[in-house]
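Each chain is listed here by its residues.
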Amino acid sequence: MGAKGEETRGRLVQATRALIEERGYYGTGLNDVLAASGAPRGSMYFHFPAGKDEMVALALTEAGQDIGALIEGAAEGDADPAEVVRRLLDALGDRMAESDWAKGCPIATVALETAAGHEGLRRVCADAYETWQQELAWMLVRHGRDRAAADAAAGAVLALVEGALLLARVSHSRVPLDRAARAAELLLAPGAA
């Protein structure tokens, strides 16, 4: 595929990412993706012969990788785990505020819609969450936690972050993110489980 084909495919995926995060899987139609991307209908079927699900799966995968990179970036240097969580929440909060609260977690909206009845997309969402949790757990291991405690704490932190994002998006406020950062400080304090 040439550069123009890659660029068109990229526009389709970016449009899909933005739309499913704001509207969800069921609220995003193919015509919406085409309008947002500016790509011709034939290009969509050429690049994604399996249709909407293939395009959404790739959009979710890329979004998951971006958040994974955000976690890694927040964990760079010698920051303690609570500071890493604060950095992550700050970055996600900035992203939400810049979108006028239209964006939250790029996985959550589709995860909630498809978990019960769409195995392929449920698995993509589950894989993203598992990767994030493992990245958080390894950060905790590097800071002296044993693996079992790190896994438990990472799961709690991920649930805390996801819940805070939902509450922040609904309330159009960073207050839930600030509260979550404080809760992470308590959860991740030296000597805590």
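Caption draft 1: Structural detail: the environment of Arg169. Considering the arrangement of structural elements, one finds Arg169 in helix α8 (residues 147-171). Sequence separation between Arg169 and Glu113 is 56 residues, and the spatial gap between their C-alpha atoms is 17 Å. There is a polar contact of 3.3 Å between the side chain of Arg169 and the backbone oxygen of Glu21. In this structure the side chain of Arg169 is engaged in a polar contact, spanning 3.5 Å, whose partner is the side chain of Thr109.

Caption draft 2: Examining the pattern of salt bridges more closely. For the structure shown, the criterion picks out twelve salt bridges. Between Asp151 and Arg147 there is a salt bridge, and its shortest N-O distance comes to 2.9 Å. Linking Asp151 with Arg147, this pair stays in helix α8, spanning four residues, or about one helical turn. Note on Asp151: relative accessible area 27%, which makes it partly exposed. We classify Arg147 as partly exposed; its relative accessible area is 28%. Each of the salt bridges in this network shares a partner with another, and the network as a whole consists of Arg17, Glu62 and Asp66.

Conventions we followed
Residues numbered from 1 in each chain as written. Predicted model: local features only at pLDDT ≥ 70, side-chain atom pairs only at ≥ 80, totals over all residues. Heavy atoms only, no water. Helix = DSSP H or I, 4+ residues; strand = E, 2+ residues; numbered from the N terminus. Polar contact = N/O pair within 3.5 Å; in protein donor to acceptor, adjacent residues only side chain to side chain. Salt bridge = Lys/Arg side-chain N within 4 Å of Asp/Glu carboxyl O. Buried < 20%, exposed > 50% of the residue type's maximum accessible area, 1.4 Å probe, protein only.

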